[in-house]
Amino acid sequence: RSSSRAPQVTLNIMDARPSASRNAAMTMRASIFGQLFAGLRQQRGIWNSAPFFRANLPGFGAQDAGGPYREVLSRLAVEML
């Protein structure tokens, strides 16, 4: 599977930041992990291809030549720590 056929996931980086005004469930849904889960949970056969998805980061003006994908993975790793 080529990256052009990988599912595109739109992620709102600014919403992913923790906020005291949200409860735990809202924070989880807004997190990078939560947004990825919501965007990929219905996809089949993506785990044996690279990249797993194409990242769309509205407001950042980035073309997905790998940069937005790496940015999302980096932010996901920070969330997991």
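Quick notes on the rules
Residues numbered from 1 in each chain as written. Predicted model: local features only at pLDDT ≥ 70, side-chain atom pairs only at ≥ 80, totals over all residues. Heavy atoms only, no water. Patch = residues over 30% accessible without salt bridge, like charges linked within 9 Å, V, L, I, M, F, W, Y side chains within 5 Å. Areas by Shrake-Rupley, 256 points an atom, 1.4 Å probe, with all protein chains shown as cover. Salt bridge = Lys/Arg side-chain N within 4 Å of Asp/Glu carboxyl O. Buried < 20%, exposed > 50% of the residue type's maximum accessible area, 1.4 Å probe, protein only. Axes fitted to C-alpha atoms, helices over the stretch in contact; angles between N-to-C directions. Helix = DSSP H or I, 4+ residues; strand = E, 2+ residues; numbered from the N terminus. Parallel < 35°, antiparallel > 145°, perpendicular 65-115°, else oblique. Contact = heavy atoms within 4.5 Å. Nonpolar A, V, L, I, M, F, W, Y, C, P; charged D, E, K, R; others polar. Phe/Tyr/Trp six-rings, centres within 6.5 Å; stacked < 30°, edge-to-face > 60°. Polar contact = N/O pair within 3.5 Å; in protein donor to acceptor, adjacent residues only side chain to side chain.

### Some words on a nonpolar patch on the surface
Link 1 in the chain: A cluster of nonpolar side chains, namely M28, F33, F37 and M80, defines an oily patch on the protein surface of about 410 Å² accessible area.
Link 2 in the chain: Relative accessible area serves as the criterion here: at 51%, M80 is assigned to the exposed category.

### Focus on the packing of helix α2 (residues 32-40) against helix α3 (residues 67-80)
Each pair of packed helices can be summarised by the angle the axes make with each other and by the distance between the axes.
Link 1 in the chain: Orientation of α2 relative to α3, taken along the N-to-C sense of each, is 120°, at an axis distance of 9 Å. Relative to α3, α2 is oriented oblique. Residues I32, F33 and L36 of α2 pack against V72, R75, L76, E79 and M80 of α3.
Link 2 in the chain: Residues belonging to the contact of α2 with α3 are distributed by class as follows: six nonpolar, no polar and two charged.

### Things to note about the packing of aromatic side chains
For any two aromatic rings, the description comes down to two numbers: the centre-to-centre distance and the angle of the planes.
Link 1 in the chain: Counting across every chain of the model gives one aromatic pair.
Link 2 in the chain: Where F53 meets Y69, the ring centres are 4.9 Å apart and the plane angle is 55°; that geometry is what we call tilted. Of this pair, F53 sits in the loop between α2 and β2 (54-56) while Y69 sits in helix α3, and the two are 16 residues apart along the sequence.
Link 3 in the chain: For F53, a relative accessible area of 3% puts it in the buried group.

### Quick word on the environment of N12
Link 1 in the chain: On the secondary structure map, N12 appears in the loop between β1 (8-10) and α1 (24-30).
Link 2 in the chain: When its relative accessible area of 33% is taken as the criterion, N12 is described as partly exposed.
Link 3 in the chain: Between the C-alpha atom of N12 and that of P58, which follows or precedes it by 46 residues, the distance is 6.8 Å.
Link 4 in the chain: Here the side chain of N12 touches D15 through a polar contact of 3.0 Å, landing on its backbone nitrogen.

Function cannot be inferred from these measures alone, as they are strictly geometric.
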